[in-house]
Amino acid sequence: MTEQVRELLRNDAVVYGATQIFDALSDYTRFQILSLLIEGEKSVSELQEACHVSQSAISHQLRLLRDRSLVAARREGQRVIYSLSDDHVGLLIGIGLEHAAEEM
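Scoring rules and cut-offs
- Residues numbered from 1 in each chain as written.
- Predicted model: local features only at pLDDT ≥ 70, side-chain atom pairs only at ≥ 80, totals over all residues.
- Heavy atoms only, no water.
- Helix = DSSP H or I, 4+ residues; strand = E, 2+ residues; numbered from the N terminus.
- Expected span 1.5 Å × (residues − 1).
- Buried < 20%, exposed > 50% of the residue type's maximum accessible area, 1.4 Å probe, protein only.
- Arc of directions from axis to C-beta.
- Salt bridge = Lys/Arg side-chain N within 4 Å of Asp/Glu carboxyl O.
- Axes fitted to C-alpha atoms, helices over the stretch in contact; angles between N-to-C directions.
- Parallel < 35°, antiparallel > 145°, perpendicular 65-115°, else oblique.
- Left-handed = near helix turned anticlockwise from the far one by under 90°.
- Contact = heavy atoms within 4.5 Å.
- Nonpolar A, V, L, I, M, F, W, Y, C, P; charged D, E, K, R; others polar.
- Core = buried A, V, L, I, M, F, W, Y, C linked by side-chain atoms within 4.5 Å.
- Pairing = 2+ DSSP bridges.

Participant: Mind showing me how you'd approach helix 6 (residues 87–102) here?
Facilitator: Turn by turn, an α-helix covers 3.6 residues, leaving residues three or four places apart pointing in a common direction. Helix length check: helix 6, at 16 residues, gives a terminal C-alpha distance of 23 Å against a target of 22 Å (1.5 Å per residue), a fit within 8%. The complete set of buried residues in helix 6 reads V89, G90 and I93. Down the axis of helix 6, the sector holding all buried residues measures 100°, keeping them to one side. With respect to the buried face of helix 6, the exposed residues turned more than 90 degrees away are D87, H88, L91, I95, E98 and E102.

Participant: Would you mind showing me how to read the pattern of salt bridges here?
Facilitator: Any two side chains of opposite charge can pair if their charged atoms end up close together. Going through the model one piece at a time under the given rule, you end up with 6 salt bridges. Between E7 and R10 there is a salt bridge; the shortest N-O distance is 2.7 Å. Salt bridges linked by common partners bring E3, R6, E7 and R10 together as one network.

Participant: I keep staring at the packing of helix 3 (residues 28–38) against helix 4 (residues 44–51) and nothing clicks. Help me out?
Facilitator: Two packed helices can be described by the angle between their axes and the distance between those axes. Two elements in contact, helix 3 and helix 4, have axes separated by 10 Å at closest approach and are oriented at 120°. Accordingly, the angle class assigned to the pair helix 3 and helix 4 is oblique. Relative to helix 4, the crossing made by helix 3 is right-handed. Of the residues in helix 4, those touching helix 3 at Q32, I33, L36 and L37 are L47, A50 and C51. Looking at the contact of helix 3 with helix 4 residue by residue, the classes come out as 6 nonpolar, 1 polar and no charged.

Participant: Help me understand helix 3, please; the structure alone is not making it clear to me.
Facilitator: For helix 3, the full list of buried residues reads T29, R30, I33, L34, L36 and L37. The buried residues of helix 3 occupy an angular sector of 160° when the element is viewed end-on, so they sit on one face. Phi turns positive, to about 145°, at G40, one or two residues after helix 3.

Participant: Just checking my understanding: could you explain the nonpolar core for this structure?
Facilitator: When a protein is soluble and globular, its nonpolar side chains tend to lie buried together. In terms of nonpolar packing, the biggest core is built from 19 residues, with I33, L34, L37, L47, I58, L62 and L65 touching the most fellow members. When neighbours within four sequence positions are excluded, L34 is seen to be in contact with L25, L65, L70, V71, L84, V89 and I93.

Participant: Would you explain the sheet that holds strand 1 (residues 42–43) in this entry?
Facilitator: For sheets, the rule is that strands pair by backbone hydrogen bonds, running either parallel or antiparallel. Strand order in the open sheet formed by 3 strands is 1-3-2, and the pairing between neighbours is antiparallel. Only two strands of the sheet have a single neighbouring strand rather than two, namely strand 1 and strand 2 (71–76). Of the strand pairs in this sheet, strand 1 and strand 3 (residues 79–84) are connected by 2 bridges, and their pairing is antiparallel. From the neighbouring strand, S43 faces strand 3, where its bridge partner is I81. Helix 5 (residues 55–67) rests against strand 2 and strand 3 of the sheet, and its axis sits at about 120° to strand 2.

Next up, the structure:
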C-alpha cells in the first residue's frame, strides 16, 4: 500500500466518498450504463434502449451517478448527452470485470 493510500484512508470524508462510489457500482443497471459510456457519449434514449428499462429508471440512475461524480452531462439542443466523468471510472469498471473473470 502506498503512503498516499494510507493517508487517504485516514480521511473519513474520502473513505465515505469511496464507499458511495462502490455502492453505485453495485447496481446492475448503473454498471451497465457506465459500461456503455466507456464506448462513448450516449443520450438518455440510447441508454434506455440498450438497458431495456424505462426512461424514468434511466434518469433516476443517471442522477445517482451524477451525484457521485461518475458521469458528466452536457446539453445538445433538447437532448442531454452523458459521458464518464473521467478515466478513473472506466478503470474501475475494467478492474471489476477482470477480477470477476478470474473467479470463473
